[in-house]
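As a plain string of letters, each chain reads:
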Amino acid sequence: MSGVADAAGTGPGGEGRAYQQIVDAVERELASGALRPGDRLPSEREMVARYGVSRPTVREALRVLEHSGLVRSRHGDRSGPLLLDPAGGPLSDTLERIARLHGCTAGELVGYRMMLESTANQLAACLRTDEQLAAMRASLAAMRAAIERGPEEFGAADFDFHEVVTEASRNTLIQYSLRAARQAALVQIEDKIVRARDERAQMRESLRHHEMVFAAIEAGDGERAGRLARHSIFGYYRDYLDETERLALAALCADENPFLAPRS
């Protein structure tokens, strides 16, 4: 982030365009590869101290970046704004708009994710490389270490794991559609339930699910990898769906629950 700091360090007297300098610097570093999707910008407080500008100036820069689809900034997120893939922003915006304006229910979003994640896992089990398997292992190790550090760091490692899986599917449309679906679910559902659970127990259970998905992908068992995705997503959201939607989506999980039953 040194490039951002250098470009934005105009001081309080030059704040009139300081927000644009922060925006320009972030865009340059994304284009050069110095920053990449999944990285975090500093928190608002850190940016104020680092750049010598006011909090409103930093917020204006983040607002512009968010409007451009380059970051996701959530109030109170101590880990800092999340950088998004520039190509995925318009698709995420469109899906969120459809969900909002056309009254898509939580069940529709969950079902969409279940189908996409399942397909991505199945393809990844067939097409993954040794390098991608190593990257998945590294993400799992990061998730394991983050359980004691908090949900922000755990979530970043979780994001990395799914990014590698979708890249391994070798289907760009699935990759970007999944990012958009996750973002839409975050906006409509996730914020309502993130504080409703025992965070540490939830992270441990999530890690167990990810480890089972990895084992299936590593073994080349696409059918099992896909089934794990459907059951994991449904199990996470089922208590927040109405009865009709819960019964409908349960049909996608009518096969044996891989998290409960041992393999024969």
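**Remarks on the overall build of the protein**
Here comes step 1: Counting its regular elements, the protein contains 12 helices and 2 strands.
Here comes step 2: Secondary structure elements in the protein, listed N-terminal to C-terminal, are α-α-α-α-β-β-α-α-α-α-α-α-α-α.
Here comes step 3: Across the 264 residues in the protein, those meeting the buried criterion constitute 47%.
Here comes step 4: Counting every atom, the protein has about 13300 Å² of accessible surface; 52% of that belongs to carbon and sulfur.

**Focus on the packing of helix 7 (residues 130–146) against helix 10 (residues 199–218)**
Here comes step 1: Two elements in contact, helix 7 and helix 10, have axes separated by 10 Å at closest approach and are oriented at 165 degrees. The orientation of helix 7 relative to helix 10 falls into the category roughly antiparallel. Of the two possible hands of crossing, helix 7 and helix 10 adopt the one that is left-handed. Residue-level contacts link Leu-133, Met-136, Arg-137, Leu-140, Met-143, Arg-144 and Ala-146 of helix 7 to Met-203, Ser-206, Leu-207, His-210, Glu-211, Phe-214, Ile-217 and Glu-218 of helix 10.
Here comes step 2: Residue composition of the contact of helix 7 with helix 10, by class: 9 nonpolar, 2 polar and 4 charged.

**A word on the packing of helix 6 (residues 106–127) against helix 11 (residues 222–237)**
Here comes step 1: Contact geometry of helix 6 with helix 11 gives a least axis separation of 7 Å together with a crossing angle of 155 degrees. It follows that helix 6 is roughly antiparallel to helix 11 by the angle criterion. Like other packed secondary-structure pairs, helix 6 and helix 11 cross with a definite hand, here right-handed. Only Gly-222, Glu-223, Ala-225, Gly-226, Ala-229, Arg-230, Ile-233, Phe-234 and Tyr-237 of helix 11 make contact with helix 6, whose side of the interface consists of Val-110, Arg-113, Met-114, Glu-117, Ser-118, Asn-121, Gln-122 and Ala-125.
Here comes step 2: Classifying every residue of the contact of helix 6 with helix 11 gives 8 nonpolar, 5 polar and 4 charged.

**Quick word on unusual backbone geometry**
Here comes step 1: In the Ramachandran plot, Arg-170 falls in the positive-phi region, its phi being about 55 degrees despite a non-glycine side chain.
Here comes step 2: Within the secondary structure layout, Arg-170 lies in the loop between helix 8 (151–168) and helix 9 (172–193).

**Some thoughts on the side chain of Thr-166**
Here comes step 1: By the element assignment, Thr-166 lies in helix 8.
Here comes step 2: Polar side-chain contacts of Thr-166 include one of 3.0 Å to the backbone oxygen of Glu-163.
Here comes step 3: Contact partners of Thr-166, with chain neighbours within four places excluded, come to Ala-120, Gln-175, Leu-178 and Arg-182.

**Some details on the pattern of salt bridges**
Once the charged atoms of two side chains with opposite charge are near each other, the side chains can pair.
Here comes step 1: Inspection of every chain in the model, using the stated rule, returns 13 salt bridges.
Here comes step 2: Across the pair Glu-211 and Arg-144 runs a salt bridge whose closest N-O atoms are separated by 2.8 Å. Of this pair, Glu-211 sits in helix 10 while Arg-144 sits in helix 7; the two residues are 67 residues apart in sequence, bridging distant segments of the chain.
Here comes step 3: Across the salt bridge formed by Glu-148 and Arg-200, the nearest N and O atoms sit 3.3 Å from each other. Placement of the pair is Glu-148 in the loop between helix 7 and helix 8 and Arg-200 in helix 10, with a sequence separation of 52 residues.
Here comes step 4: Glu-148 gets classed as exposed once you look at its relative accessible area, which sits at 52%.
Here comes step 5: Residue classification places Arg-200 among the partly exposed residues on the basis of a relative accessible area of 38%.
Here comes step 6: Among the charged side chains, a salt-bridge network with shared partners connects Glu-44, Arg-55 and Arg-59.

**Regarding the nonpolar core**
Here comes step 1: Residues Met-136, Phe-154, Phe-161 and Ile-217 are the most contacted members of the largest nonpolar core, which totals 24 residues.
Here comes step 2: At the level of elements, helix 6, helix 7, helix 8, helix 10 and helix 11 are the ones that each hand at least two residues to this core.
Here comes step 3: Phe-161 has contacts with Met-136, Ser-139, Leu-140, His-210, Val-213 and Phe-214, leaving out every residue within four places of it along the chain.

**So, the environment of Ala-34**
Here comes step 1: With respect to the element layout, Ala-34 can be found in the loop between helix 2 (18–32) and helix 3 (44–51).
Here comes step 2: Residue classification places Ala-34 among the exposed positions, given a relative accessible area of 52%.
Here comes step 3: Contact partners of Ala-34, with chain neighbours within four places excluded, come to Glu-29 and Asp-39.

**Some thoughts on the packing of aromatic side chains**
Here comes step 1: On inspection of all chains with the given rule, the structure shows 1 aromatic pair.
Here comes step 2: Judged by centre distance (4.8 Å) and plane angle (85 degrees), the rings of Tyr-236 and Tyr-237 are edge-to-face. There is no split in this pair, since Tyr-236 and Tyr-237 are both buried.
Here comes step 3: The ring centre of Tyr-176 lies 4.9 Å from the NZ or CZ of Arg-179, which sits over that ring.

Cut-offs used in this document
- Residue positions are given per chain, counted from 1 along the sequence in the order it is written.
- A pLDDT threshold of at least 70 governs which residues receive local features in this predicted model, and a stricter bar of 80 or more applies before side-chain atom pairs are shown or counted, although totals over entire chains, interfaces and linings include all residues.
- Hydrogens and waters are ignored; side-chain quantities use all the structure's heavy atoms.
- In this text, helices come from DSSP runs of H or I with a minimum length of four residues, and strands from runs of E with a minimum of two, each type numbered from the N-terminal end.
- For each residue, the accessible area found with a 1.4 Å probe, counting protein chains only, is set against the maximum for its type, and the residue is called buried under 20%, exposed over 50%, and partly exposed in between.
- To measure how exposed things are, a 1.4 Å probe is used in the Shrake-Rupley method; for residues, cover is taken only from the protein chains shown.
- As a rule, the C-alpha atoms of each element are fitted with a line to give its axis, helices using only the stretch in contact, and angles between N-to-C directions run from 0 to 180 degrees.
- Comment on the angle field: the value is read as roughly parallel under 35 degrees, roughly antiparallel over 145, roughly perpendicular from 65 to 115, and oblique elsewhere.
- Throughout, a crossing is termed right-handed when the near helix is turned clockwise from the far one, and left-handed when it is turned anticlockwise from it by less than a right angle.
- Residue contacts follow a heavy-atom distance rule, with two residues in contact if any of their heavy atoms lie within 4.5 Å.
- Classification convention: Asp, Glu, Lys, Arg as charged; Ala, Val, Leu, Ile, Met, Phe, Trp, Tyr, Cys, Pro as nonpolar; all other residues, Gly among them, as polar.
- Polar contact criterion, stated in full: a pair of N or O atoms within 3.5 Å, where within protein one must be able to donate a hydrogen and the other to accept it, and residues adjacent in sequence count only if both atoms are side-chain atoms.
- Salt bridges are identified by distance alone: a Lys or Arg side-chain nitrogen within 4 Å of an Asp or Glu carboxyl oxygen.
- Nonpolar cores are built from buried Ala, Val, Leu, Ile, Met, Phe, Trp, Tyr and Cys residues. Side-chain atoms within 4.5 Å join them into one set.
- Any Phe, Tyr or Trp ring, taking Trp's six-membered ring, that has another such ring centre within 6.5 Å forms a pair; planes under 30 degrees apart are called stacked, those over 60 apart edge-to-face, and the others tilted.
- Definition used: whenever NZ (Lys) or CZ (Arg) falls within 6 Å of the ring centre and also within 35 degrees of the ring normal, the charge is taken to sit over that ring.

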